[in-house]
Amino acid sequence: MAHKLEIVDVTKDYVGPRSQFVRALDKVSIAVQPGEFVSLLGPRGCGKSTLLSVIAGFEKATSGEIRLDGRVVDGPGPDRGLVFQDYALFPWKTLRENVMYGPSKRGLPKEPRQEIAQRYISLVGLSGFEGHYPHQLSGGMRQRCALARSVANNPQVILMDEPLAAIDALTRNALQEEILKVCEARDDQPRKTAVYVTHSIEEAVFLSDRIVLMSPRPGRIIQLLSGALPYPRPAETRQLPDFHRLAKDIWQTLKIYTKPA
């Protein structure tokens, strides 16, 4: 099977505010399969968000490269859908207009783009709120809107940077299930490929096919773990012995690499 996304020996260096050299990522390589959900997990400052920015094309690697369907990524593009922690919705647009933004930029006529928007608004449980503006929505509803917008443009890969970090625990669990729902195969579309940044071990275990454990800066891959939990993943998945066993193993591994010197 051909890889959907390839991260090949990516190193990223910065010059800090006092002109000091900072290496954020060091020779990171990951091959992501079509339809795979991969989470990047590690301590703060390990380069997870930096790696996502390089994949998105917002930043260039110092060395190494990103390939999507075999093509080298050299900048942002509609083939990668983005979901951020701060929602990044247009405050002057309604929920429907936000979700329609990608199809509108692609030049789709009004009726098809409205149909696409309504399909994904319904999918994330926001029917009835189409005419509301972001400030009229709760945090969880805004993130549902952001998820709908990310998939409405039919990207090849969805990139998510801690999208649930600012959401309360109960809503966060429900939204984890929504994330899996929007990634599912439907109609004539295959399951979405996703790369997800999180600090939560339990979140990574619930969502992922594979989990990439990263070391403190400079970010390197400590271990690649298979989630090995069956689909579909209802809320009860969090009570399975395998869920807790995997979460415990991850915690023990990360603790070794993040303990004080």
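On a predicted model such as this, the values are computed, not experimentally measured, just so you know. (Residues numbered from 1 in each chain as written. Predicted model: local features only at pLDDT ≥ 70, side-chain atom pairs only at ≥ 80, totals over all residues. Heavy atoms only, no water.)

## Looking at the side chain of Gln 176
By secondary structure assignment, the location of Gln 176 is in helix H5 (residues 169–183). At 2.8 Å, the side chain of Gln 176 and the side chain of Arg 238 are in polar contact. Dropping the residues within four chain positions of it, Gln 176 is found in contact with Leu 164, Glu 203, Phe 206, Leu 207 and Arg 238. (Helix = DSSP H or I, 4+ residues; strand = E, 2+ residues; numbered from the N terminus. Polar contact = N/O pair within 3.5 Å; in protein donor to acceptor, adjacent residues only side chain to side chain. Contact = heavy atoms within 4.5 Å.)

## A short note on the sheet that holds strand S1 (residues 5–15)
Pairing within the open sheet is antiparallel, and its 4 strands lie in the order S2-S1-S4-S5. The strands lining the two open edges of the sheet, one partner per strand, are strand S2 (21–32) and strand S5 (71–72). Where S1 and S2 come together, 8 bridges link them in antiparallel fashion. Within S2, the position partnered with Ile 7 by the bridge is Ile 30. Taken strand by strand, helix H1 (residues 48–56) contacts S1, S2 and strand S4 (63–68), and its axis lies near 115° from that of S1. (Pairing = 2+ DSSP bridges. Axes fitted to C-alpha atoms, helices over the stretch in contact; angles between N-to-C directions.)

## Notes on the nonpolar core
When a protein is soluble and globular, its nonpolar side chains tend to lie buried together. Core analysis: the largest hydrophobic core is formed by 49 residues, its most contacted members being Phe 37, Met 160, Val 205 and Ile 250. If one sorts the elements of this core by residue count, helix H4 (residues 139–152) sits on top with 7 residues. For Val 205, the contacting residues outside a window of four places in its chain are Ile 211, Leu 229, Arg 233, Phe 243, Leu 246, Ala 247 and Ile 250. (Core = buried A, V, L, I, M, F, W, Y, C linked by side-chain atoms within 4.5 Å. Buried < 20%, exposed > 50% of the residue type's maximum accessible area, 1.4 Å probe, protein only.)

## Describing the environment of Ser 63
With respect to the helices and strands, Ser 63 occurs in strand S4. Look at Ser 63 and you get partly exposed, because its relative accessible area is 33%. Taking C-alpha positions, Ser 63 is 7.2 Å from Asp 9, a pair spaced 54 residues apart along the chain. Those residues in contact with Ser 63, other than ones at most four positions away along the chain, are Asp 9, Val 10 and Thr 11.

## Let's talk about the packing of helix H2 (residues 95–105) against helix H3 (residues 110–123)
Two elements in contact, H2 and H3, have axes whose closest approach is 9 Å; the angle formed by their N-to-C orientations is 125°. Taken together, the axis directions place H2 and H3 in an arrangement best described as oblique. H3 is crossed by H2, and the crossing has right-handed handedness. Counted together, Leu 95, Arg 96, Val 99, Met 100, Pro 103 and Ser 104 of H2 and Arg 113, Gln 114, Ile 116, Ala 117, Gln 118 and Ile 121 of H3 form the full contact between these two elements. In the contact of H2 with H3, the residues fall into 7 nonpolar, 3 polar and 2 charged. (Parallel < 35°, antiparallel > 145°, perpendicular 65-115°, else oblique. Left-handed = near helix turned anticlockwise from the far one by under 90°. Nonpolar A, V, L, I, M, F, W, Y, C, P; charged D, E, K, R; others polar.)

## Thoughts on H2
Considered for burial, the residues of H2 that qualify are Leu 95, Asn 98, Val 99, Met 100, Gly 102 and Pro 103. With its phi angle positive at about 85°, Gly 107 sits one or two positions after the end of H2.

## Quick word on unusual backbone geometry
The amide bond that connects Arg 217 to the next residue, Pro 218, takes the cis arrangement and shows omega of 0°. Residue placement: Pro 218 occurs in the loop between strand S9 (210–214) and strand S10 (221–226). For Asn 154, which is not glycine, the phi torsion reads 55° and is therefore positive. Mapped onto the elements, Asn 154 comes out in the loop between H4 and strand S7 (157–161). Despite not being glycine, Glu 162 shows a phi value in the positive range, around 45°. Exposure remark for Glu 162: the relative accessible area of 12% places this residue in the buried category.

## Focus on the packing of H4 against H5
Direction vectors running N to C along H4 and H5 enclose 10°, while the axes themselves pass 11 Å from each other. The orientation of H4 relative to H5 falls into the category roughly parallel. Facing Gly 140, Gln 143, Arg 144, Leu 147 and Val 151 of H4, the residues of H5 in contact are Thr 171, Ala 174, Leu 175, Glu 178, Ile 179 and Val 182. Partitioning the contact of H4 with H5 into residue classes produces 6 nonpolar, 3 polar and 2 charged.

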